[in-house]
Amino acid sequence: MKAELLLALLLAAPALRAGDLGSEVTFGARGGARFHVNAGYGPQIVFDSGPSDPLPDAWDTLLIQGEMPDPSLRFAASRQAGPAGWVELEVHRFPNGRFWARGRFPKRTGALRLRAFDEGSTSDHEVTMYAVEVFAENPDAPSLPSLPSRGPMDPGATPPPVHGRAEWRAAPPTNPLSPDPLPWRITLHHTGGRYTASLAESLEETRFIQDFHQNGRKWSDIAYHFVVDPLGNIIEARPLETLGAHTLNNNEGNVGIVLLGTYHPPKNDQPTAAQLASVGELGRFLVRRFGIDPASLKGHRDYKQTDCPGDLAYVRLAELRGAFAGSQRARKSAARPSATR
Ligand SMILES: [Zn+2]
């Protein structure tokens, strides 16, 4: 009954203009769609496109734009071929109701199915999708590895205390950094360098690593996004939401966290409780902010032949995945390590 009503609404939608990029997605030869949301019935599915018309070109990105009068809506999409599952779309909505929503998939062909969920609208309203389009974000890039489906994203998630780049007098990037705004995985490293004993020493070591990466390895900036020292201080490295340089061939969507020290024989530096707590808190923030699957946390050695992040850090990954998945309540009641020792 509801599905028939939705189908009728869908078919009643006017044919709409194709986007500027890629292929317009059509459903029964019509692009875009319009659907009605009744207040007071959420949470519920309020729109289900069914499979789109075939999309013969490989695509990895879905983009929608339209009008969303009430901010209570979220979107998910799936590809009707292959194991991608449902992917939650990132929604950007202006206060005036204009919105766009975006989802990332492994690069492949296959028809699209789109759903909208009402999480509790307070007014009856009409949602319009002017255009639904798919494209390959970088047509020359190799196909992406299979992405885990993304959980809900919380733009209001609160980051733990972080010492910013200014505190270690970071040099500017030697080349513009590439944006990488929707990370879906996290990788742990160690520096294989100094095991620091004070914040001042950690800031100095971070400055050293940047110089080593920029002028020794000729990279644009320090490779990682975050540095965590043995005292539990979290230090901003390469800005978050820019492409890292820490995991060769697997930097896309990958947040790099590095532990200061050498957590491997023969030096055998020990990860400290404060350090692991800070990595856990940082990971919990990333998981909530971007909907990252906590199971996506890996060690550098899971991607290539390397000791990194060291045997003594690698054995803590399961525990860290658990911390990443921890609830907001657990986070609030847990003792927070001092970030300014
Ligand atoms: Zn590494």
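Position labels on residues start from 1 in each chain and follow its written sequence. The predicted nature of this model means local features are confined to residues of pLDDT at least 70 and side-chain atom pairs, given and counted, to a pLDDT of 80 or more, with totals for whole chains, interfaces and linings taken over all residues. As a convention, hydrogens and water are excluded, and side-chain values are obtained from all of the structure's heavy atoms.

Caption draft 1: View of the coordination of the zinc ion. For Na, K and Ca the donor cut-off is 3.2 Å, and for all other metals it is 2.8 Å, counting N, O and S atoms only; because water is absent from this set, sites may look incomplete. Around the zinc ion, the protein contributes the donor atoms His189 (ND1), His300 (ND1) and Cys308 (SG), at 2.0 to 2.3 Å from the metal centre. Read in sequence order, the donor residues for the zinc ion give the motif H-x110-H-x7-C. Residue His300 shares its accessibility class with Cys308, and that shared class is buried. Accessible area is worked out with a 1.4 Å probe on protein chains only. A residue is then buried under 20% of its type maximum, exposed over 50%, and partly exposed in between.

Caption draft 2: Broad picture of the nonpolar core. Grouped together as the largest cluster of nonpolar side chains are 27 residues, with contacts concentrated most on Phe35, Leu62, Ile64, Leu73, Phe75, Leu114 and Met129. Where helices and strands are cited, they refer to DSSP runs of H or I of at least four residues and of E of at least two residues respectively, numbered from the N terminus. Ranked by residue count, the leading element in this core is strand β12 (residues 125–135), at four residues. Residue contacts follow a heavy-atom distance rule, with two residues in contact if any of their heavy atoms lie within 4.5 Å. Discounting chain neighbours no more than four positions away, the residues touching Phe75 are Phe35, Ile64, Met68, Val87, Glu88, Leu89, Val91, Phe99, Leu114, Arg115, Ala116 and Met129. Formed by 23 residues, the second largest nonpolar core is a distinct cluster that contains Ile186, Leu276, Leu286 and Val287. Residue types Ala, Val, Leu, Ile, Met, Phe, Trp, Tyr and Cys, when buried and joined through side-chain atoms within 4.5 Å, form a set referred to as a nonpolar core.

Caption draft 3: Representation of the pairing of strand β13 (residues 185–190) within the structure. The element β13 is extensively covered by neighbouring structure, given that six of its six residues are classed as buried. Where burial is concerned, the two faces of β13 agree: the one with Arg185, Thr187 and His189 and the one with Ile186, Leu188 and His190 are both buried. Two strands pair if DSSP finds at least two bridges between them. Two elements, β13 and strand β16 (residues 254–259), share six bridges in a ladder whose sense is parallel. Looking across to β16, one finds that Ile186 is bridged to Val255. Where β13 meets strand β17 (residues 297–299), three bridges bridge the pair, whose relative direction is parallel. Counted as the bridge partner of Ile186 is Leu297 from β17.

Caption draft 4: Focus on the sheet that holds strand β8 (residues 87–88). Here we have four strands laid out as an open sheet, ordered β5-β11-β7-β8, and antiparallel in their pairing. The sheet terminates laterally at β5 (44–48) and β8, the two strands that pair on one side only.

Caption draft 5: Seen up close, the sheet that holds β17. With respect to topology, five strands assemble into an open sheet ordered β15-β14-β16-β13-β17, the strand pairing being mixed. Here the strands that pair on one side only, and so sit at the sheet edges, are β15 (234–236) and β17. Along the sheet, successive strands turn relative to each other by an average axial angle of 25°, direction set aside. Inspection of the sheet shows strand β14 (residues 226–228) paired to β15 by three bridges, in the antiparallel sense. For Val227, the partnering residue across the bridge sits in β15 and is Ile235. Lines fitted to C-alpha atoms define the axes here, with helix axes fitted over just the stretch in contact, and angles between the N-to-C directions of these axes take values from 0 to 180 degrees. Along the sheet, helix α3 (residues 273–290) makes contact with β13, β14, β15 and β16, crossing β14 at roughly 155°. Along the sheet, helix α5 (residues 317–324) contacts β13 and β17; its crossing angle with β17, the most-contacted strand, is approximately 160°.

Caption draft 6: Structural detail: the packing of aromatic side chains. Stacked, edge-to-face and tilted labels apply to pairs of Phe, Tyr and Trp rings (six-membered ring for Trp) whose centres lie within 6.5 Å, assigned for plane angles under 30 degrees, over 60, and everything in between, in that order. Applying the stated criterion across every chain, the model contains five aromatic pairs. Note on Phe35 and Phe47: the rings are 4.8 Å apart at their centroids and 15° apart in plane angle, and the pair reads as stacked. With Phe35 in strand β4 (residues 33–37) and Phe47 in strand β5, this pair connects stretches of sequence that are twelve residues apart. For Phe35, a relative accessible area of 1% translates into the label buried.

Caption draft 7: Focus on the confidence of the model for the protein chain. Mean pLDDT over the protein chain stands at 84; residues scoring 70 or higher make up 83%. This model gives residues 1–21 a pLDDT under 50, and the stretch forms 35 contacts once residues within four places in sequence are excluded. Here residues 328–341 scores under 50 on pLDDT; set against residues more than four positions off or in separate chains, the count is 25 contacts. You can read pLDDT as the predictor saying how much it trusts each residue, on a scale of 0 to 100.

Caption draft 8: Structural context of the pattern of salt bridges. Within this document, salt bridges are pairs made up of a side-chain nitrogen of Lys or Arg and a carboxyl oxygen of Asp or Glu, the two lying within 4 Å of each other. Tallied over the entire structure, the rule returns 14 salt bridges. Among the ionic pairs, Arg74 bridges to Glu88, the shortest N-O distance being 2.8 Å. Note that Arg74 is positioned in strand β7 (residues 73–79) and Glu88 in strand β8, a separation of 14 residues in sequence. Judged by relative accessible area, which is 28%, Arg74 ranks as partly exposed. A salt bridge links Arg316 to Glu319, with the shortest nitrogen-to-oxygen separation between them at 2.8 Å.

Caption draft 9: Looking closely at the environment of Gln80. Tracing the backbone through its elements, the reader meets Gln80 in the loop between β7 and β8. The exposure class assigned to Gln80 is partly exposed, which follows from its relative accessible area of 36%. Separated by 29 residues in sequence, Gln80 and Thr109 place their C-alpha atoms 9.4 Å apart. Not counting the four nearest positions on each side in its chain, Gln80 is found in contact with Pro51, Ala111, Leu112 and Arg113.

Caption draft 10: The side chain of Arg185, seen in detail. Along the chain, Arg185 turns up in strand β13. For Arg185, a relative accessible area of 4% gives the class buried. In protein, a polar contact requires one atom able to donate a hydrogen and another able to accept it; more generally it is a pair of N or O atoms within 3.5 Å, and residues adjacent in sequence count only if both atoms are side-chain atoms. Within the local environment of Arg185, its side chain forms a polar contact with the side chain of Asn250, the two groups lying 3.1 Å apart. At 2.8 Å, the side chain of Arg185 forms a polar contact with the backbone oxygen of Glu252.

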